[in-house]
Amino acid sequence: MQEPAVVIDPERRRMLRAGALAILTLSLPPLTACAQRTAAAGNAGPARIGVIGSGRIGGTVGGLWVKAGHPVLFSSRHPESLKPLVDGLGPLARAGTVAEAIAFADVLFLATPYGALPQLSQENAGAWSGKIVLDATNAIAQRDGAIADEAQRNGIGITTAKYLRGARVVRAFNFMGATNFANEHHRTGDLIAVPIAGDDEAALQVAAQLVRDAGFEPVVVGPLASADKFAPGGPLFRQIGTAEEFRRKMSGN
Ligand SMILES: NC(=O)c1ccc[n+]([C@@H]2O[C@H](COP(=O)([O-])OP(=O)(O)OC[C@H]3O[C@@H](n4cnc5c(N)ncnc54)[C@H](OP(=O)(O)O)[C@@H]3O)[C@@H](O)[C@H]2O)c1
């Protein structure tokens, strides 16, 4: 199943960002509740998060982390366009360039079109080393061009790690839509599962905590090479359900 390629003009993008923010503002639990849950889970404290690609998925998931008490730098090639988003999220949110987000962050959240990877790689060569990158991108042939074939051939997580040389890549938050993340976080009852995959154990643990802080239940699918299972076209893509239901689908039942 593929996401459609969408071209959005700047005014429509501004309205979409404002809409995503309105949904989040209406549906989020108070910060104190999130902070208590974070403390109970043994998290050492807030992580400085840099969002690269602050559109539908970056704005939505980044907003959930701000509400959970994490300082988030949302980046754009036009940071001034993010003013409505960051003003609406309050003092923990700010806007900047991609380079500023990389320099600021303990953890980066990558949410650009997959086709932006070669440019991001070149423009920030050397800056990725040691950074934990939660990669929410999906490779869509008609939008992303040749790099989508490369991801198809070699594996999407492996391909991201090749371009972001030295980064500790964890695939996360790519398996369902931004609207699902906006609507399903901190659900009453069993939380919705979010699959993650990576090769770096410590980075996986950080990713798992940030999945919890966003209001979901992490499920480790396996190493980075296994991330294709929950990318578009994989058997676990858009398998929305609880962790128990997701694990049952993982085991083929
Ligand atoms: N939307 C979903 O439901 C969803 C769900 C799961 C995964 N994904 C994946 O997440 C990624 C983002 O999707 P989206 O729907 O959130 O897209 P989007 O709303 O169009 O946002 C993408 C953002 O990426 C930034 N960007 C584009 N090219 C860039 C470049 N060369 N360098 C730096 N930033 C660049 C743009 O910001 P500026 O123009 O402001 O720089 C834009 O706001 C895609 O790979 C998509 O497949 C999307």
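Whatever comes next refers back to the structure up there.
Residues numbered from 1 in each chain as written. Predicted model: local features only at pLDDT ≥ 70, side-chain atom pairs only at ≥ 80, totals over all residues. Heavy atoms only, no water.

Caption draft 1: Molecular detail of the overall build of the chain. Across its full length, the chain carries 12 helices and 8 strands. In the chain, which comprises 253 residues, the share counted as buried stands at 50%. Across the chain, the fraction of contacts at a sequence separation of at least 24, relative to all contacts at a separation of at least 6, is 71%. For the chain, the accessible area works out to roughly 11500 Å², and carbon and sulfur atoms hold 53% of it. (Helix = DSSP H or I, 4+ residues; strand = E, 2+ residues; numbered from the N terminus. Buried < 20%, exposed > 50% of the residue type's maximum accessible area, 1.4 Å probe, protein only. Contact = heavy atoms within 4.5 Å. Areas by Shrake-Rupley, 256 points an atom, 1.4 Å probe, with all protein chains shown as cover.)

Caption draft 2: Fine view of the layout of surface pockets. Taken as a whole, the second largest pocket holds about 270 Å³ of empty space. If you go around the second largest pocket, you meet 14 residues; those closest to its centre are Ala139, Ala151, Gln152, Ala231 and Pro232. Ranked by residues supplied to the lining of the second largest pocket, first place goes to helix H8 (residues 146-154) with 4 residues. Its residues assigned to classes, the lining of the second largest pocket comprises 8 nonpolar, 4 polar and 2 charged. (1 Å grid on protein atoms, 1.4 Å probe; cavity = no way out; pocket = protein on both sides within 12 Å on 5 of 7 lines; lining within 4 Å. Points joined across faces, edges and corners; volume = space filled by probe spheres on them. Nonpolar A, V, L, I, M, F, W, Y, C, P; charged D, E, K, R; others polar.)

Caption draft 3: The arrangement of the pattern of salt bridges in detail. Taken as a whole and assessed by the stated rule, the structure comprises 7 salt bridges. A salt bridge links Arg248 to Glu244, with the shortest nitrogen-to-oxygen separation between them at 3.3 Å. Here the residue Arg248 and the residue Glu244 both occupy positions in helix H12 (residues 243-250), the gap between them amounting to 4 residues, near one helical turn. (Salt bridge = Lys/Arg side-chain N within 4 Å of Asp/Glu carboxyl O.)

Caption draft 4: Structural detail: the nonpolar core. Counting residues in each nonpolar core, the largest one holds 72 residues, and the members touching the most others are Trp65, Phe74, Leu134 and Phe173. With 6 residues, helix H11 (residues 201-213) is the single largest residue contributor to this core. Aside from chain neighbours lying at most four places away, what touches Trp65 is Ile49, His70, Val72, Phe109, Leu134, Phe173, Leu210, Asp213 and Ala214. (Core = buried A, V, L, I, M, F, W, Y, C linked by side-chain atoms within 4.5 Å.)

Caption draft 5: A look at H11. Taking 1.5 Å as the rise per residue, H11 with 13 residues should run 18 Å; its terminal C-alpha atoms sit 18 Å apart, in good agreement. What H11 keeps buried is the set Ala203, Leu204, Ala207, Ala208, Gln209, Leu210, Val211 and Asp213. The distance from a side-chain oxygen at the start of H11 to the backbone nitrogen of Ala202 is 3.1 Å, and the residue carrying that oxygen is Asp200. (Expected span 1.5 Å × (residues − 1). Polar contact = N/O pair within 3.5 Å; in protein donor to acceptor, adjacent residues only side chain to side chain.)

Caption draft 6: Just the pairing of strand E7 (residues 193-198), in detail. The element E7 is extensively covered by neighbouring structure, given that 6 of its 6 residues are classed as buried. Side chains Ala193, Pro195 and Ala197 project from E7 onto one buried face, and the interleaved Val194, Ile196 and Gly198 project onto a second face that is buried too. Two elements, strand E6 (residues 168-171) and E7, share 2 bridges in a ladder whose sense is antiparallel. Within E7, the residue paired with Val170 across the bridge is Gly198. Pairing analysis gives 5 bridges linking E7 to strand E8 (residues 217-222), with the strands arranged parallel. (Pairing = 2+ DSSP bridges.)

Caption draft 7: The sheet that holds strand E1 (residues 49-52), seen in detail. A sheet is described by the order of its strands in space; here 8 strands give the open sequence E3-E2-E1-E4-E5-E6-E7-E8, paired in mixed fashion. Both edges of this open sheet fall to strand E3 (93-96) and E8, since each of them pairs with a single strand only. This sheet shows a mean twist of 25° between the axes of neighbouring strands, independent of strand direction. Relative to E3, strand E2 (residues 72-75) runs parallel, the two being bridged by 4 bridges. In the sheet register, Leu73 faces E3, and the bridge partner there is Arg94. Packed onto the sheet, helix H3 (residues 56-67) meets E1, E2, E3, strand E4 (107-110) and strand E5 (132-135) and runs at close to 165° relative to E2. (Axes fitted to C-alpha atoms, helices over the stretch in contact; angles between N-to-C directions.)

Caption draft 8: Looking closely at the site of the ligand. Taken together, 25 residues are adjacent to the ligand, and Ile57, Ser76, Arg77, Thr112 and Ala178 come closest. A distance of 2.9 Å separates an oxygen atom of the ligand from a polar atom in the backbone of Ile57. Within the complex, the protein chains bury 90% of what would otherwise be the 880 Å² of accessible surface of the ligand. For the shell around the ligand, the elements supplying multiple residues, two or more each, are helix H1 (10-27), H3 and helix H6 (117-123). Its residues assigned to classes, the shell around the ligand comprises 10 nonpolar, 9 polar and 6 charged. (Near = heavy atom within 4 Å.)

Caption draft 9: Spatial organisation of the packing of H8 against helix H9 (residues 156-163). Contact geometry for H8 and H9: axes closest at 7 Å, N-to-C directions at 120°. One element, H8, and the other, H9, form an angle in the oblique class. Contact residues: H8 offers Ile147, Glu150, Ala151 and Asn154, while H9 offers Ile156, Ile158, Thr159, Lys162 and Tyr163. Considered class by class, the residues forming the contact of H8 with H9 number 5 nonpolar, 2 polar and 2 charged. (Parallel < 35°, antiparallel > 145°, perpendicular 65-115°, else oblique.)

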